[in-house]
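So you can see what is in the structure, the chains are spelled out below.
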Amino acid sequence: MNAPVKRSPDISFLLSHPFHLISLGFGSGLSPIMPGTAGTLFAWLSYDLLTCRFPSLFTPPVWAVICIIGFLIGIKTCQTTGNALNSPDDGSMVWDEIIAFWLILLFITPCSFFAECVAFALFRLLDMTKPQPIRFFDKHIHGGFGVMLDDIIAAFFTLLVFALWKTCFTADQLLY
């Protein structure tokens, strides 16, 4: 019996189902190079743009709700899209990066542009290299929940580094 052939997503696949639109990060996951980084850039731009443009609407409590609901929605959308692509954790699915980076920005902002750059670089490093325990969860928890979980753990470790930095240095030495 032959294994199912992995499907490569394109614009028609993206638009064929609302779950694909979400899991592929509204098209950012279609980037031919480093789609996870493209999804994280989308998250960064959309968070800053929405927060600056509509500050009375996109408040920290609202972003917290968006992240929680987005995580729950991501479980189903990534499961469905992974099944449709015959690739359970396809690189084009970037909703996990988007939710994880929104969560990071929720906890570190307001901060300097430099701090956001450091958060971006650190999160991408952790997400791409998957050090332990991120690697453990990536290998052992599958389906839509697994897709979402490893990025939330990478976000947690990014936030942990920021918390340790804040604890060890004075405000003037911070990235803020």
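Check the entry above for the structure.
In this report, we go over the structure that sits alongside the text. (Residues numbered from 1 in each chain as written. Predicted model: local features only at pLDDT ≥ 70, side-chain atom pairs only at ≥ 80, totals over all residues. Heavy atoms only, no water.)

**Looking at the nonpolar core**
The following threshold applies: What makes a nonpolar core is a set of buried Ala, Val, Leu, Ile, Met, Phe, Trp, Tyr and Cys residues whose side-chain atoms join them at distances within 4.5 Å. In this scheme, a residue with accessible area under 20% of its type's maximum is buried, one over 50% is exposed, and one in between is partly exposed, where area comes from a 1.4 Å probe on protein chains only. Helical segments are the DSSP runs of H or I of at least four residues, strand segments are the runs of E of at least two, and each set is numbered from the N terminus.
Trp95, Phe101, Trp102, Ile104 and Ile108 are the most contacted members of the largest nonpolar core, which totals 41 residues. Put simply, the parts of the chain that give this core at least two residues each are helix H1 (11–15), helix H3 (35–53), helix H4 (60–85), helix H5 (95–108), helix H6 (113–129) and helix H8 (143–168). The element that contributes the greatest number of residues to this core is H5, accounting for 11 residues.

**Comments concerning the packing of H5 against H8**
We apply this condition: Orientation is described by lines fitted to C-alpha atoms, with helices fitted over the stretch in contact, and by angles between N-to-C directions that extend from 0 to 180 degrees. We call two directions roughly parallel when the angle between them is under 35 degrees, roughly antiparallel when it is over 145, roughly perpendicular when it lies between 65 and 115, and oblique otherwise. Should the near helix be turned anticlockwise from the far one by less than a right angle, the crossing is left-handed, and should it be turned clockwise, the crossing is right-handed. Any two residues whose heavy atoms approach within 4.5 Å at even a single point are treated as in contact. Charged means Asp, Glu, Lys or Arg here, nonpolar means Ala, Val, Leu, Ile, Met, Phe, Trp, Tyr, Cys or Pro, and polar covers whatever is left, Gly included.
Taken N-terminus to C-terminus, the directions of H5 and H8 make an angle of 25 degrees; their axes are 8 Å apart at the nearest point. One finds that H5 runs roughly parallel with respect to H8. Our pair here, H5 against H8, has a crossing hand that is right-handed. Here Trp95, Asp96, Glu97, Ile99, Ala100, Leu103, Ile104, Phe107 and Ile108 of H5 come into contact with H8, specifically with Val147, Met148, Asp151, Ile152, Ala155, Thr158, Leu159 and Phe162. Of the residues belonging to the contact of H5 with H8, the class tally is 13 nonpolar, one polar and three charged.

**Describing the pattern of salt bridges**
Any two side chains of opposite charge can pair if their charged atoms end up close together. Here is the rule: Within this document, salt bridges are pairs made up of a side-chain nitrogen of Lys or Arg and a carboxyl oxygen of Asp or Glu, the two lying within 4 Å of each other.
This model, assessed by the stated rule, comprises five salt bridges. Between Lys130 and Asp150 there is a salt bridge, with its nearest N and O atoms 2.7 Å apart. Of this pair, Lys130 sits in the loop between H6 and helix H7 (134–140) while Asp150 sits in helix H8, placing them 20 residues apart in sequence. Overall, Lys130 belongs to the buried group, its relative accessible area being 16%. Note on Asp150: relative accessible area 1%, which makes it buried. Put simply, Glu97, Arg124, Asp127, Lys130 and Asp150 are held in one network by salt bridges that share partners.

**So, the packing of aromatic side chains**
The test is simple: The aromatic pairing rule takes the rings of Phe, Tyr and Trp, using the six-membered ring of Trp, and pairs them if the centres are within 6.5 Å, calling planes under 30 degrees apart stacked, those over 60 edge-to-face and the rest tilted.
This structure, assessed with the given rule, holds 15 aromatic pairs. Ring plane angle 35 degrees and centroid distance 4.4 Å describe the contact between Tyr47 and Trp63, whose orientation is recorded as tilted. Taken together, the positions of Tyr47 in helix H3 and Trp63 in helix H4 put the pair 16 residues apart, joining distant regions of the chain. In this pair, the class of Tyr47 matches that of Trp63, namely buried. Their ring planes at 50 degrees and their centres at 6.4 Å tell us that Phe54 and Phe58 sit as a pair that is tilted. Taking the relative accessible area as the measure of exposure, Phe54 reaches 38% and is therefore partly exposed. Look at Phe58 and you get buried, because its relative accessible area is 16%.

These values are about where atoms sit, not about what they do.
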